[in-house]
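Summary of structural features
Residue strings, one per chain:
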Amino acid sequence: MASGSGIKHKMSAAVSPTERGDVITSRENKWIKLFRAALRGTGPSGDGLIGIEGPKLVEEALRSGLEADALLVSATGEQHLPQILMAASASDAGIRRERIFKTTDQLFAGCAGTETPQGVAALFHQPQWNPEDVLRGRPAADGARSAEEPLVLVMTGVQDPGNVGTILRSAEAFGATGAVMTRGTADPWSPKAVRASAGSALRLPLMRGMAIPVLLAQLKMHEVQIVAASLHAGTNHSQRDRDALTVLRGPAAIFIGSEGTGLPPEIEHAADATISIPMSESVESLNAAIAASVLLYEAARQRKEIS
C-alpha cells in the first residue's frame, strides 16, 4: 500500500506561507538545494524524496495518499495555494505547517525542471508497494481488492523516462494491476516520467529496479504467465505463439523491451508466450510506449469479452 497512512499536522486552507513570513531568498538555502536536485534529477535514490512540479500533479499526489515532506510556492504560484491546501486538508497525511515555504519567482525558476514553471512544487515520500499490490492492484479505501486477474506491465531497458511515464499512463487506463521496472529502465518517479504519466506513476502499484531472475521467479511462483512482446512472434506458428491469442485473458505479465535491443534472451527463453503487433512491412518497429499501449488495450478487450 502507499505510504502516508500516518496522521501528520494538517494544513488548513486558511493559512498561507505569507502569514508566517517563511520566504526563502537565497539559492544556497538547503530547501532550495533539495528541490533543485529533486526536480532536475533522474529520480530518487534509495528512499529519497520524489520531486513533483505543477499544481495539478501536486494535488494528484495528495489525493493519491502520498505523504508530503515539503511544499515550495513562488509569488506566481500563490494563486494555486488555496486549492492545494484544500486537497491537503482532505488527505490523511496533510502538509506540515513548518514545511510550507515561499520563494521568489526567480529562485523557483532556478529549481524547476520545466521551461515555464507554474510556481508550485512539492517533495513527497515514496509510496510503499509490495508484490501483492502489483499483482492484485491498488486497494480501495475500504481495503477491498479488484477481482480482476493479475495484469502486470514489465519494462526492461526502456531508458526514455517519457516512454516510461506514457506506458504507466496506459497501464492504469487499461486496467493493469501494477507495473515493474527492471534494472536499467528509467526511474518511474523521475520528474519527466511523472509528468508523462499524468499522475499514474503516483497511483499505480509499481516496483523499481528489480533483477530479472528474481522477477521471473516471483511470477512463476504466483502462476502468472510471462508474455514476451517480440517483433518475431507468430512467424513460426509455435505453440508459444498460438498461446498468445488467449494468454492475456488470465494472469499475465507483459514484458516490453527497448525499441533498439528488444528483450534480453533470458526473458525470451522463460516466456510462456510471445506476442507481436501486426503492422505494415514498411515499418520496422513501434515506439515502446505505443507498442505497450496497443498490447494493454488488447488485454483489456479480451478480458472484457469474458467478464
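Let me sum up the structure you'll find in this document. Every value quoted in this text rests on a predicted model; they were computed, and no experiment measured them.

1. Regarding the overall build of the chain
A count of helices and strands for the chain gives 13 helices and eleven strands. In the chain, which comprises 307 residues, the share counted as buried stands at 49%. For the chain, the share of sequence-separated contacts (at least 6 apart) that also reach a separation of at least 24 residues comes to 85%. Here the chain displays about 14,200 Å² of accessible surface, and carbon together with sulfur accounts for 52% of that area.

2. Some points on the nonpolar core
Judged by nonpolar contacts, the single largest core of 53 residues is most densely connected at Val58, Leu62, Leu71 and Phe124. Looking at this core element by element, the count peaks at six residues for helix α13 (residues 288-306). Residues Leu135, Val180, Ile212 and Ala228 belong to the second largest nonpolar core, which totals 19 residues.

3. Observations regarding the environment of Lys220
Tracing the sequence through the fold places Lys220 in helix α10 (residues 212-221). Residue Lys220 is classed as partly exposed on the basis of its relative accessible area, which comes to 41%. The spatial distance from the C-alpha of Lys220 to the C-alpha of Ala270 is 9.6 Å, given a sequence separation of 50 residues. Here Lys220 is in contact with Ile226, Ala270 and Asp272, once residues within four sequence places are set aside.

4. Some points on the environment of Asp92
When you line up the elements, Asp92 lands in the loop between α4 (81-89) and β4 (100-103). Asp92 sits 29 residues away from Arg63 along the chain, and the two C-alpha atoms are 9.2 Å apart.

5. Side note on the side chain of Ser170
Along the chain, Ser170 turns up in helix α7 (residues 161-173). For Ser170, a relative accessible area of 11% gives the class buried. Setting aside anything within four residues of it in sequence, one finds Ser170 in contact with Ser293 and Leu296.

6. Considering the sheet that holds strand β3 (residues 68-74)
The strand order across the open sheet built from five strands is β1-β4-β3-β5-β2, with neighbouring strands paired in mixed fashion. Of all the strands in the sheet, the pair left with one neighbour each is β1 (23-24) and β2 (50-53). Of the pairings in the sheet, the one linking β3 to strand β5 (residues 120-124) comprises five bridges and is antiparallel in character. Paired with Val73 across the strands is Val120, a residue of β5. On top of the sheet, helix α2 (residues 30-39) reaches β1, β2, β3, β4 and β5; it is set at about 85° to β5, its chief contact.

7. Re the sheet that holds strand β7 (residues 178-182)
Pairing within the open sheet is parallel, and its six strands lie in the order β8-β7-β6-β10-β9-β11. In the strand order of this sheet, the two ends are held by β8 (206-210) and β11 (273-275), each with one partner. Taking the axes of each pair of neighbouring strands and ignoring which way they run, one obtains an average angle of 20° across the sheet. The pairing of strand β6 (residues 151-156) with β7 spans four bridges and is classified as parallel. When the sheet's bridge partners are listed, Met155 is paired in β7 with Met181. Across the sheet, α7 touches β6, β7 and β8, and the angle it forms with β6 is around 175°.

What counts, and where the lines are drawn
Residues numbered from 1 in each chain as written. Predicted model: local features only at pLDDT ≥ 70, side-chain atom pairs only at ≥ 80, totals over all residues. Heavy atoms only, no water. Helix = DSSP H or I, 4+ residues; strand = E, 2+ residues; numbered from the N terminus. Buried < 20%, exposed > 50% of the residue type's maximum accessible area, 1.4 Å probe, protein only. Contact = heavy atoms within 4.5 Å. Areas by Shrake-Rupley, 256 points an atom, 1.4 Å probe, with all protein chains shown as cover. Core = buried A, V, L, I, M, F, W, Y, C linked by side-chain atoms within 4.5 Å. Pairing = 2+ DSSP bridges. Axes fitted to C-alpha atoms, helices over the stretch in contact; angles between N-to-C directions.

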